[in-house]
Amino acid sequence: MRKYIEKVKQMVQIFPPKKEGQSGEEYARQRVLLGVKYGVFALAAFAVLRGVLVVVGGSMTVSNSVDGRKLPIYCVETDEKKIALSFDAAWGNELLMEYFFQADL
């Protein structure tokens, strides 16, 4: 078991071992630089993950299909006071902008 633990420690070693002839000050500087690099990487990865969670968590996709055929959604239960305006434009959208201008949207 100890051999296995030592093998895992060698594989997961974050900082390289001190080289022969390397001064203690030089080795400490190397460890600090690597620590800063790892820290910056970890913070950047955390920021990206946080951004993804904020963007994805704020959006909600709702769909409805029966036998592979998409059907319109008429209402969604939510505590937020929001409205959605949708048009069934299967017949064409040539007059759609005209309707918007008339409705002053």
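Cut-offs used in this document
Residues numbered from 1 in each chain as written. Predicted model: local features only at pLDDT ≥ 70, side-chain atom pairs only at ≥ 80, totals over all residues. Heavy atoms only, no water. Helix = DSSP H or I, 4+ residues; strand = E, 2+ residues; numbered from the N terminus. Areas by Shrake-Rupley, 256 points an atom, 1.4 Å probe, with all protein chains shown as cover. pLDDT = per-residue confidence, 0-100. Patch = residues over 30% accessible without salt bridge, like charges linked within 9 Å, V, L, I, M, F, W, Y side chains within 5 Å. Salt bridge = Lys/Arg side-chain N within 4 Å of Asp/Glu carboxyl O. Buried < 20%, exposed > 50% of the residue type's maximum accessible area, 1.4 Å probe, protein only.

> It is not clear to me how the overall build of the protein chain should be interpreted in this structure. Could you clarify?
Check the secondary structure of the protein chain and you find three helices and two strands. Helices (α) and strands (β) of the protein chain occur, in sequence order from the N terminus, as α-α-β-β-α. When the accessible area of the protein chain is evaluated, it comes to approximately 10,600 Å², of which 61% is carbon and sulfur surface.

> Please clarify how the confidence of the model for the protein chain should be interpreted in this entry.
For any part of a model where pLDDT is low, the fine detail of the predicted coordinates should not be relied upon. The share of residues in the protein chain with pLDDT of 70 or more is 84%, and the mean pLDDT across the chain is 79. Per-element averaging of pLDDT across the protein chain places strand β1 (residues 65–66) at the bottom with 72 and helix α2 (residues 24–58) at the top with 88.

> Got a minute to help me understand a nonpolar patch on the surface in this structure?
A cluster of nonpolar residues, Met1, Tyr4, Ile5, Val8, Met11 and Val12, forms a patch on the protein surface that exposes about 690 Å² of accessible area. Classification of Met1 by relative accessible area gives exposed; the value is 77%.

> Just checking my understanding: could you explain the pattern of salt bridges for this structure?
Close approach of charged atoms allows side chains of opposite charge to pair. Summed over all chains, the structure comprises one salt bridge. Of the charged contacts, one joins Arg29 and Glu25 as a salt bridge, the two residues approaching to 3.2 Å between their closest N and O atoms. Placement of both Arg29 and Glu25 in helix α2 is noted, with a separation of four residues, approximately one turn of the helix. Since its relative accessible area comes to 48%, Arg29 is described here as partly exposed.

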